[in-house]
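Chain by chain, the residues:
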Amino acid sequence: MKRCKITVMRKALYPDLMAEYENPITDACLMEEGQVFLSEGGDRPEGMCEGAWGSLYPFVKELSEGGGNFYDGWMKNEHSAMVSCNDGFRPVSFLVELMEDSEESDKK
């Protein structure tokens, strides 16, 4: 199986929805824009939010097994996906990319 790079691209926040529907919580999201995770063989990277991983895993698994081209050409790079976590109050968008062989050898 291949490696996938997961980059935190954007964090959103909906205070109006939070005020109306959410009970206050602490440490809701510790992801930071620009943060990068590496998934080895489809495994959840250390430090990756478990909730976000639930949304990301099907895409990471497919890419790590050599698949891609989600939804018949959705992404310009067929070996990538833009996926958001399932937190409706503070969604985070992640770019999941299959790592090229040259990228993998640079990490060694």
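This text follows the structure it describes.
The sections below set out a description of the structure shown in this document. (Residues numbered from 1 in each chain as written. Predicted model: local features only at pLDDT ≥ 70, side-chain atom pairs only at ≥ 80, totals over all residues. Heavy atoms only, no water.)

1. Focus on the overall build of the protein chain
Along the protein chain, the regular secondary structure elements total three helices and four strands. Helices (α) and strands (β) of the protein chain occur, in sequence order from the N terminus, as β-α-β-α-β-β-α. A buried classification covers 34% of the 108 residues belonging to the protein chain. Of all intrachain contacts in the protein chain linking residues separated by at least 6 positions in sequence, the fraction that spans at least 24 positions is 61%. When the accessible surface of the protein chain is summed, it comes to about 6,900 Å², and 47% of that surface belongs to carbon and sulfur atoms. (Helix = DSSP H or I, 4+ residues; strand = E, 2+ residues; numbered from the N terminus. Buried < 20%, exposed > 50% of the residue type's maximum accessible area, 1.4 Å probe, protein only. Contact = heavy atoms within 4.5 Å. Areas by Shrake-Rupley, 256 points an atom, 1.4 Å probe, with all protein chains shown as cover.)

2. Comments concerning a nonpolar patch on the surface
A contiguous nonpolar surface patch, about 430 Å² in accessible area, is contributed by Met9, Tyr71, Trp74 and Met82. You can see Met82 is positioned in strand S3 (residues 80-84). Exposure remark for Met82: the relative accessible area of 34% places this residue in the partly exposed category. (Patch = residues over 30% accessible without salt bridge, like charges linked within 9 Å, V, L, I, M, F, W, Y side chains within 5 Å. Salt bridge = Lys/Arg side-chain N within 4 Å of Asp/Glu carboxyl O.)

3. What about the side chain of Thr7?
With respect to the secondary-structure elements, Thr7 resides in strand S1 (residues 3-11). Excluding residues within four positions of it along the chain, Thr7 makes contact with Gly34, Gln35, Val36, Ser93, Phe94, Leu95 and Glu97.

4. With respect to helix H2 (residues 50-64)
The axis of H2 is deflected most strongly, by about 50°, at Leu56, and proline Pro58 appears within four residues downstream. Buried-residue contacts for H2 involve S1, strand S2 (36-40), S3 and strand S4 (92-98). (Bend = angle between axes of the 7 residues up to and from the residue.)

5. Some thoughts on the sheet that holds S2
Pairing is antiparallel in the open sheet, where four strands are placed in the order S2-S1-S4-S3. On the outer flanks of this sheet lie S2 and S3, each paired with one strand and no other. In this sheet, neighbouring strand axes are inclined to one another by 25° on average, regardless of whether the strands run parallel or antiparallel. When S1 meets S4, the two strands line up antiparallel, connected through seven bridges. (Pairing = 2+ DSSP bridges. Axes fitted to C-alpha atoms, helices over the stretch in contact; angles between N-to-C directions.)

6. Some details on the pattern of salt bridges
Taken as a whole and assessed by the stated rule, the structure comprises five salt bridges. Shared partners join several salt bridges into a network, and the residues in it are Glu22, Asp87 and Arg90.

7. Focus on the environment of Glu33
Along the polypeptide, Glu33 turns up in the loop between helix H1 (15-21) and S2. In this structure the C-alpha to C-alpha distance between Glu33 and Thr7, which are 26 residues apart in sequence, comes to 7.9 Å. Polar side-chain contacts of Glu33 include one of 3.1 Å to the backbone nitrogen of Lys11. (Polar contact = N/O pair within 3.5 Å; in protein donor to acceptor, adjacent residues only side chain to side chain.)

8. Considerations on the packing of aromatic side chains
Inspection of the entire model under this criterion finds four aromatic pairs. Residues Trp53 and Tyr57 carry aromatic rings whose centres are separated by 5.7 Å and whose planes lie at 55° to one another, so their mutual orientation is tilted. In this pair, Trp53 and Tyr57 are both assigned in helix H2, four residues apart and thus about one turn of the helix distant. We classify Trp53 as buried; its relative accessible area is 11%. Since its relative accessible area comes to 34%, Tyr57 is described here as partly exposed. Both rings, one in Tyr71 and one in Trp74, keep their centres 5.4 Å apart while their planes meet at 70°; by these two values the pair is edge-to-face. (Phe/Tyr/Trp six-rings, centres within 6.5 Å; stacked < 30°, edge-to-face > 60°.)

Spatial relationships are all this shows, so hold off on functional conclusions.
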